[in-house]
Amino acid sequence: MSDSAAEVVLTERRGAVAIVTMNRPEYRNAQNSAMTYALDDAFSALAADEAVKVIVLAGEGDHFSAGHDIGTPGRDVDVSFPRRASIWWDHVGRPGADGRIAREQEVYLGMCRRWRELPKPMIAMVQGACIAGGLMLAWSCDLIIASDDSFFADPVVQMGIPGVEYFAHPWVMGPRFAKEFLFSGQRFSAERALTLGMVNRVVSRAELESETLTLAERIATMPQFGLALAKMAVNQAEDLMGLRAGIDSVFGLHHVAHAHNAEVGSDHLAGHDARTMRDAGKKDGAT
Ligand code: ZN
């Protein structure tokens with residue numbers, strides 16, 4: 001199946017609530033750039049739509065998102081898209097760290113920051129896998145409602161990389177657990193994520209959509225500008241607690257790791273692809 005922008009992301013309206021759904025279920029909603037820019041199109045339109053008060057981000061199928069696309073037929077890392085997150089040059093044709101930083105600051109870090117600042121409440125509705133790049137999407141949302149079958153992991157230390165590009169780990173789960181999460185690469189269950197304060201609620205899989213929409217509809221009764229200010233207030237407080245500066249500083253370490261991998265090994269991902277990373281995640285046997 002081809003990955004046109006019209007197919008990889010779906011938008012549905014339910015009154016004042018909009019549901020944006022990642023639609024690559026055959027690849028556990030692995031995020032290629034086509035999906036990233038389709039999400040950005042959807043979010044931009046909904047931000048401008050006065051009738052929309054709350055946005056729910058969902059994943060079609062059994063899993064929210066298995067992460068960035070590092071191995072599907074629709075992988076499009078060498079494709080140019082018009083830049084939106086910052087003014088910089090295109091990554092295509094730029095060798096080494098030049099191209100990698102150009103791409104990742106736009107498609108990964110920049111887009112997540114852009115979406116975090118969208119002036120309407122965003123709720124991640126998470127089931128199944130929420131892995132690596134999947135975490136970045138969920139963390140960029142304001143609230144996370146998780147089903148009891150969901151699980152969370154950032155296994156990229158297996159690649160020698162100190163966490164995904166949007167390095168919010170110490171802020172969303174605390175430094176102690178951030179280290180365990182990264183060092184072990186193991187999965188945290190939804191219940192454990194709840195005890196760490198990383199998600200707002202855990203509900204049964206059958207009730208995930210209804211519980212999420214009930215909360216979204218409740219939020220949608222509040223004044224739009226008040227919601228925007230409340231969101232900015234908490235985001236500003238989070239940034240004063242070091243989130244923004246911390247992510248910037250770790251982005252450099254992340255790219256040292258990519259460069260080291262490329263310098264001493266076969267490629268910037270230390271020879272890993274989606275299959276080897278999935279196998280590495282299974283080996284630990286953790287839930
Ligand atoms: Zn990276």
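See the structure shown above.
All of these numbers come straight from a predicted model, not from anything done at the bench. (Residues numbered from 1 in each chain as written. Predicted model: local features only at pLDDT ≥ 70, side-chain atom pairs only at ≥ 80, totals over all residues. Heavy atoms only, no water.)

Student: So what exactly am I meant to see when it comes to the sheet that holds strand β9 (residues 201-203) here?
Tutor: To summarise the sheet geometry, strands pair through backbone hydrogen bonds and adopt either a parallel or an antiparallel arrangement. Taken in spatial order, the six strands line up as β1-β2-β3-β4-β6-β9 in an open sheet, and their pairing is mixed. Taken across any chain shown, the strands that pair with only one partner, and hence form the sheet edges, are β1 (9-14) and β9. Neighbour to neighbour, the strand axes of the sheet diverge by 20° on average, direction disregarded. Where strand β4 (residues 122-126) lies against strand β6 (residues 143-147), four bridges are found, and the strand directions are parallel. (Pairing = 2+ DSSP bridges. Helix = DSSP H or I, 4+ residues; strand = E, 2+ residues; numbered from the N terminus. Axes fitted to C-alpha atoms, helices over the stretch in contact; angles between N-to-C directions.)

Student: What is the right way to look at the side chain of H68 in this model?
Tutor: Within the secondary structure, H68 is located in the loop between β3 (54-59) and α3 (96-116). Given the relative accessible area of 15%, H68 is considered buried. (Buried < 20%, exposed > 50% of the residue type's maximum accessible area, 1.4 Å probe, protein only.)

Student: Is there a simple way to think about helix α6 (residues 175-184) in this case?
Tutor: Counting along an α-helix, one turn takes 3.6 residues, and residues three or four places apart therefore face a common direction. When α6 is considered as a whole, its buried residues turn out to be A178, F181 and L182. The arc that holds the buried residues of α6, viewed along the axis, is 90°, so those residues lie on one side. Of the exposed residues in α6, the ones pointing more than 90 degrees away from its buried face are R176 and F183. Where α6 is buried, its residues meet α4 (133-140), β7 (151-153), α5 (169-173) and β8 (188-189). Phi turns positive one or two residues past the end of α6, at G185, with a value near 65°. (Arc of directions from axis to C-beta. Contact = heavy atoms within 4.5 Å.)

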